[in-house]
Amino acid sequence: ALTGYKNSLKGVGYFMGAALLEWSYEAAISVNIGFIIVALPFAIFGLTTQLGRVASKNITLAAVFKQSDNINYLSLARL
């Protein structure tokens, strides 16, 4: 969920920045800074300290490849 939200914000910032560059560089920077200022309180107060922590359980290489075939094909395609 967090990755989708982050990517959505990046997409909006990229699109708005590119569109506003046609008008003014300063306007594009200002609007993107405004987006960051609006999103920053949500990041500071809305995210937990446990975010990004790895479980203490060790995982084996066999367990990584023990996914469904579709997942393994997608992983291979990213190489």
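All values derive from a computational prediction rather than experimental measurement.

*Asks:* Explain the overall build of the protein residue by residue, including any values.
*Replies:* Summing up its helical and strand segments, the protein has four helices and zero strands in all. In the protein, the succession of helices and strands from N to C terminus is α-α-α-α. Computed over its C-alpha atoms, the radius of gyration of the protein comes to 19 Å, more than 25% above the 12 Å expected for a compact globule of 79 residues. Judged by the C-alpha coordinates and their principal axes, the protein covers about 55 × 30 × 15 Å.

*Asks:* Can you lay out a nonpolar patch on the surface for me, pointing to particular residues and giving the numbers?
*Replies:* On the surface, a cluster of nonpolar side chains totalling about 500 Å² of accessible area is made up of Leu 21, Tyr 25, Ile 29, Ile 33 and Ile 37. With respect to the helices and strands, Ile 33 occurs in helix α2 (residues 25-46). Residue class for Ile 33 comes out partly exposed when judged on its relative accessible area of 45%.

*Asks:* Please give an account of the environment of Asn 72 that cites residues and values.
*Replies:* Relative to the assigned elements, Asn 72 resides in helix α4 (residues 69-77). Spatially, the C-alpha atoms of Asn 72 and Ile 37 are 39 Å apart, while their sequence positions differ by 35 residues.

*Asks:* Which residues make up the confidence of the model for the protein, and what values do they have?
*Replies:* The pLDDT averaged across the protein works out to 81; a share of 95% of its residues lies at or above 70. Considering each helix and strand of the protein separately, the mean pLDDT is smallest for helix α3 (residues 61-64), with a value of 77, and largest for α2, with 87.

Rules of the game
- Residues numbered from 1 in each chain as written.
- Predicted model: local features only at pLDDT ≥ 70, side-chain atom pairs only at ≥ 80, totals over all residues.
- Heavy atoms only, no water.
- Helix = DSSP H or I, 4+ residues; strand = E, 2+ residues; numbered from the N terminus.
- Rg over C-alpha atoms; globule rule 2.2 N^0.38 Å.
- Patch = residues over 30% accessible without salt bridge, like charges linked within 9 Å, V, L, I, M, F, W, Y side chains within 5 Å.
- Areas by Shrake-Rupley, 256 points an atom, 1.4 Å probe, with all protein chains shown as cover.
- Salt bridge = Lys/Arg side-chain N within 4 Å of Asp/Glu carboxyl O.
- Buried < 20%, exposed > 50% of the residue type's maximum accessible area, 1.4 Å probe, protein only.
- pLDDT = per-residue confidence, 0-100.

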